[in-house]
Amino acid sequence: MGLRQALQILGQAPDEKVQKRFCIGLLLAIVALAYGNSLVNAFTMDDIRLYVSQNPQVTHPSLKALFTPHKITNVFRPVTFSTFALDWKIGNGRPLAFHVVNLVLHAAVTLLFYLLLQTALQSLPHGKSVAFAAALLFAVHPIHTEAVASIVGRAELLAAGFLIGAWLLHLHDREIAASVCLVLALLSKESAVVFLPLALIGDFARGQWKPTLRYLRIAGVTLLYLGVLWKVQGGHFGPPNISVLDNPLASIPAAPRIFNALHVAWKYVGLQVYPATLSCDYSYNEIPVYDLRYGLRGTLPSAIAALAALGAWIWAVRKRQSGLVLAGGIYLAGFATTANIFIPVGTIMGERLAYFPSAGFCLLVALAWNWLQERQRKLAVGVLAALVAVLGLRTVIRNRDWKDNLTLYTAAVRAVPGSAKMHQNIAFEYMEAKKLDLAREELQTALQINPAYPEALALYGLLESWQGNYRAAGQMMERAFYMTRREDPAYDAIAVNLATLYMQTDHLDGALDLLNREISESPGYARAWANRAVVRYKGGQIALARADAEMALRLDPGNRQAQNLMQLLNASNPPASSR
C-alpha cells in the first residue's frame, strides 16, 4: 500500500485502529530508511573530545558524577549522560550501540509528534492528514541529521521526546505522568524549560483550558529546576566563559547581539526550506557579526522580517487559527532558549538546535499542503511524496558525512569555508594521517581567518616540531600558551605540548616547572604526569619517575608514554617486590 492509499485511509477509513497502525508502521519504516546508514558511523567531534569516549561520567559513571555538571562545558544533563553510560557498558565502548539508540529515539519522537498533532488538531476537518504529513516531513528532514547521526545530538532527541510526551499527557489530563516526563526532559537538556508556554499554546489552540493550579504546578517544577541548575552551575546559567570562536555574539552588548541573532534565525529558516548545504559548525568567522553603527543594513531586514513573522503569528492567535498557532508556537518556543536573544549560549548556530523547533516548521508545511489537498488531491499526494523522497535522499547522503572526523571536516570546510575551527580540525586529522603538507595549508587558512586562534597556533607549532623546526615551533607554542586561559578546554593539551617541546630541546628545567604547575592546577590530566615521569627519568630521579608513571596509568590505563616508561623502568630497575 502506497502513500496515496495511506492518505485515503487517513481521510475515510472506518477502522481507526487499522489507520493508526498503518501510519505508525509507515513512519517507522521511513525513519529506518532515512537513518539506517548512520549505524556504521564512528564517534565524531564532541563524541570524542567532550561527551562520550573521553568523558569519565560515561566511561566510569557514578551517581555523583552523573549529577555533576560537565567539568569543561558545565552542562548538567544527568539523563543524557546516564544513557551514554549505559550504551558504553552494553556496547563495550563501540559506537554502534549509541547510533542504534539515537535512531530509535528519533523514531519515538516522530511517533510522539504524530500522536500529539492528532490530539491537538482533532477539531480541524483534515487534522489527521495534517498530523501524518507533518510527521512524515519531520521523520526525514535533513536538518535533523546532526541530532540523529551525531551521538551527542542525543540531548536534543531525549529533551524533545520527553517534552512532547509531557505535552501529550498534559492534553489527556495525566498530570503526574506529564510532570515525570517534564523532569526527565529538563534533566536531558535545559531547553525543555519552555514546556509551560507550549502547554498554554496547545490548550489555547484547542480551546480547552486546564485548571489554573495545573499551570502553576508546571511553573513551580520549572522554577525549581532553574534554581537547582543555577546552583550546580555555579551561580549562573551555562558555561562561565563562552569562546568568541564558538559564539562571537556572546562578547557583544545585548542590542547588537539580538539584531545579529535575528539575522542568524533566518539562516535556520533557509536551511529548513532548502537544506542543500549543511555543516556541523558555523563558528567564527563563517557568520559575520554586524556592528549596529555601521552594519545596520545587514541586520535590519532580518529584524523587520522577524517582526512581520511574529505579527503574523499574533494575527493567527487573534483569529484562532489553531494549526498556525501551534506551528508558530512550537517554532518560537523551540528556539527561545538557544537563539542568543534572551541569553548568549555556547554556539552562534547549530543545526542540532533546530531539531525540536523544526516540528513547527514541518507542521506549517503540512498546513500549506493541506490547503492544496483540499483543492487538488492527486497533485497534493504527488507533491508530498516527492518532498518526502527528496528530503529523505538528502538525509541519507548527509548521514555519510558523519562517517568519521576526516569525512565530516572535509564536508564542513566545503560548506563553511570561513570557519577557522573547521580548518584547524581538518588539519589535526591530516596530521594524524601524516599528510603534513595538507595540514600546513589548513592551519595557514585557519590563522588567516583568526590570527589569535591559540589551538591553531599550538597545532602549527606541533607540526613544526615534527619537522624539526624547533625555533618556529617554540615561538608558536609559547604564543598559544600565553593566549590561552586556564578555563579553556584546550589549555591542558597546549601546556603539555609546550612542555614536550622543552623536553625535546633539552630544556628540562623549563619542562619540569611547566609540568609542576600543570599538575597542581589539573591533577587529573594523565599526560602531564606521564611527561613529568619522563623528565624525572632523564634527570636520574628513578623513584619519582616511577611514581609519576604509575599515577598516569591510574588516571589513564591506556597512556602509551607511561606504559613505555614503565616497561623501561621494570627492565632496568625492577621494583623491590620482584627482586
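Residues numbered from 1 in each chain as written. Predicted model: local features only at pLDDT ≥ 70, side-chain atom pairs only at ≥ 80, totals over all residues. Heavy atoms only, no water.

**Some remarks on the packing of aromatic side chains**
Argument step 1. Tallied over the entire structure, the rule returns 16 aromatic pairs.
Argument step 2. When the centroid spacing of 4.6 Å and the interplanar angle of 40° are considered together, the rings of tyrosine 268 and phenylalanine 335 count as tilted. Of the two residues, tyrosine 268 is situated in helix 14 (residues 254-273) and phenylalanine 335 in helix 16 (residues 322-336); the sequence distance between them amounts to 67 residues.
Argument step 3. Ring pairs connect the aromatic residues Phe43, Tyr51, Phe81, Phe84, Trp88 and Phe98, which therefore count as one cluster.
Argument step 4. Here arginine 49 stacks its cationic end above the ring of phenylalanine 428, 5.4 Å away from the centre of that ring. (Phe/Tyr/Trp six-rings, centres within 6.5 Å; stacked < 30°, edge-to-face > 60°. Helix = DSSP H or I, 4+ residues; strand = E, 2+ residues; numbered from the N terminus. Lys NZ or Arg CZ within 6 Å of the ring centre and 35° of its normal.)

**Topic: empty space enclosed by the protein**
Argument step 1. What the rule picks out here adds up to two cavities of 30 Å³ or more.
Argument step 2. Estimates place the volume of the largest cavity at around 120 Å³.
Argument step 3. Residue lining of the largest cavity: 14 residues in total, with Glu156, Ser191, Gly334, Phe356 and Pro357 positioned closest to the centre.
Argument step 4. Looking at the lining of the largest cavity, the elements that each hand over two or more residues are helix 10 (154-171) and helix 16.
Argument step 5. For the lining of the largest cavity, the per-class residue count stands at nine nonpolar, three polar and two charged.
Argument step 6. In this structure, the second largest cavity spans a volume of roughly 90 Å³.
Argument step 7. Of all elements in the fold, only helix 11 (175-188) and helix 13 (212-232) reach the threshold of two or more residues within the lining of the second largest cavity.
Argument step 8. Of the residues assigned to the lining of the second largest cavity, the class counts are five nonpolar, two polar and three charged. (1 Å grid on protein atoms, 1.4 Å probe; cavity = no way out; pocket = protein on both sides within 12 Å on 5 of 7 lines; lining within 4 Å. Points joined across faces, edges and corners; volume = space filled by probe spheres on them. Nonpolar A, V, L, I, M, F, W, Y, C, P; charged D, E, K, R; others polar.)

**Details of the side chain of histidine 99**
Argument step 1. Note on placement: histidine 99 falls in helix 7 (residues 95-120).
Argument step 2. The residues touching histidine 99, leaving out its near neighbours within four places in the chain, are Ser38, Leu39, Asn41, Ala42, Ala149 and Ile151. (Contact = heavy atoms within 4.5 Å.)

**As for the confidence of the model for the protein**
Argument step 1. Across the protein, the average pLDDT comes to 92, with 96% of residues at or above 70.
Argument step 2. Mean pLDDT per element in the protein: helix 1 (residues 3-12) is the minimum at 49, and helix 10 is the maximum at 98.
Argument step 3. Low pLDDT, under 50, characterises residues 9-13; the stretch is placed with eleven contacts to residues that sit more than four places away or in other chains. (pLDDT = per-residue confidence, 0-100.)

**Section: the layout of surface pockets**
One simple way to see leftover space: roll a probe sized like a water molecule over the atoms.
Argument step 1. In this structure, the second largest pocket spans a volume of roughly 1000 Å³.
Argument step 2. For the lining of the second largest pocket, the leading source of residues is helix 16, giving nine residues.
Argument step 3. Classifying every residue of the lining of the second largest pocket gives 33 nonpolar, five polar and no charged.

**Some thoughts on the pattern of salt bridges**
Argument step 1. Under the defined criterion, the tally for this structure stands at 18 salt bridges.
Argument step 2. When the shortest N-O distance is used, the salt bridge between arginine 398 and aspartate 401 registers 2.9 Å. One end of the pair is arginine 398 and the other is aspartate 401, both in helix 18 (residues 377-401) and three residues apart, which spans about a single turn. Each member of the pair, arginine 398 together with aspartate 401, is buried.
Argument step 3. Between glutamate 521 and arginine 486 there is a salt bridge whose closest N-O contact spans 2.9 Å. (Salt bridge = Lys/Arg side-chain N within 4 Å of Asp/Glu carboxyl O. Buried < 20%, exposed > 50% of the residue type's maximum accessible area, 1.4 Å probe, protein only.)

**So, the side chain of asparagine 340**
Argument step 1. Topologically, asparagine 340 is positioned in the loop between helix 16 and helix 17 (357-373).
Argument step 2. By relative accessible area, asparagine 340 is classed as buried at 1%.
Argument step 3. With sequence-adjacent residues up to four places away left out, asparagine 340 is seen in contact with Asn247, Leu249, Arg257, Ala261, Val345, Thr347 and Ile348.

**Digging into the packing of helix 14 against helix 15 (residues 296-318)**
Argument step 1. In the contact formed by helix 14 and helix 15, the axes pass within 8 Å of each other and the chain directions differ by 70°. The angle between helix 14 and helix 15 falls in the class roughly perpendicular. Judged by residue contacts, Phe259, Asn260, Leu262, His263 and Trp266 of helix 14 engage Gly298, Thr299, Ser302, Ala303, Ala305, Ala306 and Ala309 from helix 15. (Axes fitted to C-alpha atoms, helices over the stretch in contact; angles between N-to-C directions. Parallel < 35°, antiparallel > 145°, perpendicular 65-115°, else oblique.)

**Quick look at the packing of helix 16 against helix 17**
Argument step 1. Packing of helix 16 against helix 17 brings their axes to within 7 Å, and their N-to-C directions diverge by 160°. Judged by the inter-axis angle, helix 16 sits roughly antiparallel to helix 17. You can see that helix 16 and helix 17 cross each other, and the crossing is left-handed. Where helix 16 abuts helix 17, its residues Gly323, Leu324, Leu326, Ala327, Ile330, Tyr331, Gly334 and Phe335 lie against Pro357, Ala359, Gly360, Phe361, Leu363, Leu364 and Leu367.
Argument step 2. For the contact of helix 16 with helix 17, a count of residues per class yields twelve nonpolar, three polar and no charged. (Left-handed = near helix turned anticlockwise from the far one by under 90°.)

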